[in-house]
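Spelled out from the first residue to the last, the chains are:
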Amino acid sequence: MPTTFPTPRLVIFDCDGVLVDSEPVSNRVMVENLARNGLPMTVERSMELFVGSTMSGAMAKAIELGADLHEGWVDEIYAETYEALKAGVALMPGVMDLLALLDAKQIPCCVASNGSEDKMRITLGQNGLWQRFHPTAMFSAQSLGVAKPDPGLFLAAASHFGVQARDCLVFEDSATGVLAATRAGMRCLGFAPGGTGETLTAQGAEVFSDMSEVPALIGL
């Protein structure tokens, strides 16, 4: 028989690649920048390497692979990424329906991201979600000083809402985020709309590919 789970008391969303379809845009910027700095790669490879990373983590990884990056590179790539995102980024299909369902069931939700609040202001602000989550339901690694895969970001969210980790449900699209959730002792649904989600499964996620699947997965 399939495992049944209690209804979550808090739902925690990653931002990029879960709420908003920002990863392709951000990684095209990354590819163009790294090519100028001696490290050519495809967008697909960039996503494999950097989705779920902090920018400082991405910088360290890129240097290790041979990129010639200067001290101010993080600020540079942030500026280039923000500019590209301002041109337009869509919500993931089905997100608004899922949020409406959670509201109807009176289940609180929040965002916990390795990205900056400035980035979320751009992506979520275009789609009417910035005011929903900011400031009481938004947790940024850049602001809190703790980043996934450390579980501290998720645990801070749970503590803020007065909810035990075992009663939280996390939505993630990166292995880094899934690892943070499992380390926090939280159930994690791994969103893989364009693939099999093998890397998510390997870290302990239950993989799904469409937001319409979620109500059945969480018993709503």
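In case you missed it, the structure is sitting above this.
These remarks concern the structure in this document.

The next thing to look at is helix H3 (residues 55-64). All of the buried residues in H3 are Met55, Ala58, Met59 and Ala62. Down the axis of H3, the buried set is contained in an arc of 105°. They therefore lie on one face. With respect to the buried face of H3, the exposed residues turned more than 90 degrees away are Ser56 and Glu64. For H3, the secondary structure elements touched by its buried residues are helix H1 (23-36), helix H2 (43-50) and helix H4 (73-86). Once H3 finishes, Gly66 follows within two positions and takes phi at roughly 115°, a positive value.

For the rest of this paragraph, the subject is the environment of Asp75. On the secondary structure map, Asp75 appears in helix H4. For Asp75, a relative accessible area of 60% corresponds to the exposed category. Taking the C-alpha atoms as reference points, Asp75 and Met55, separated by 20 residues in sequence, lie 9.1 Å from one another.

One pass over the full model with this rule turns up eight salt bridges. Here Asp14 ties to Lys148 by a salt bridge, and the two come within 3.0 Å at their closest N and O atoms. Here Lys148 lies in the loop between helix H8 (141-144) and helix H9 (152-161) and Asp14 lies in the loop between strand S1 (10-13) and H1, a separation of 134 residues in the sequence. Take Asp14 and Lys148: they sit in the same class, and that class is buried. Between Arg36 and Glu80 there is a salt bridge, with the nearest N and O atoms lying 2.7 Å from each other. Linking Arg36 in helix H1 with Glu80 in helix H4, this pair joins segments that are 44 residues apart in sequence. For Arg36, a relative accessible area of 53% translates into the label exposed. Through salt bridges with shared partners, a single ionic network connects Asp14, Lys148 and Glu172.

If you walk through the whole model with that rule in mind, you get four aromatic pairs. An angle of 15° between the planes, with centres 5.0 Å apart, marks the rings of Phe13 and Phe171 as stacked. Here Phe13, found in strand S1, pairs with Phe171, found in strand S4 (residues 168-172); they are 158 residues apart in sequence, far enough to count as distant. When sorted by exposure, Phe13 lands in the same class as Phe171, which is buried. Consider the rings of Phe171 and Phe208, whose centres lie 5.9 Å apart with planes at 85°: the pair is edge-to-face.

Criteria and cut-off values
Residues numbered from 1 in each chain as written. Predicted model: local features only at pLDDT ≥ 70, side-chain atom pairs only at ≥ 80, totals over all residues. Heavy atoms only, no water. Buried < 20%, exposed > 50% of the residue type's maximum accessible area, 1.4 Å probe, protein only. Helix = DSSP H or I, 4+ residues; strand = E, 2+ residues; numbered from the N terminus. Arc of directions from axis to C-beta. Contact = heavy atoms within 4.5 Å. Salt bridge = Lys/Arg side-chain N within 4 Å of Asp/Glu carboxyl O. Phe/Tyr/Trp six-rings, centres within 6.5 Å; stacked < 30°, edge-to-face > 60°.

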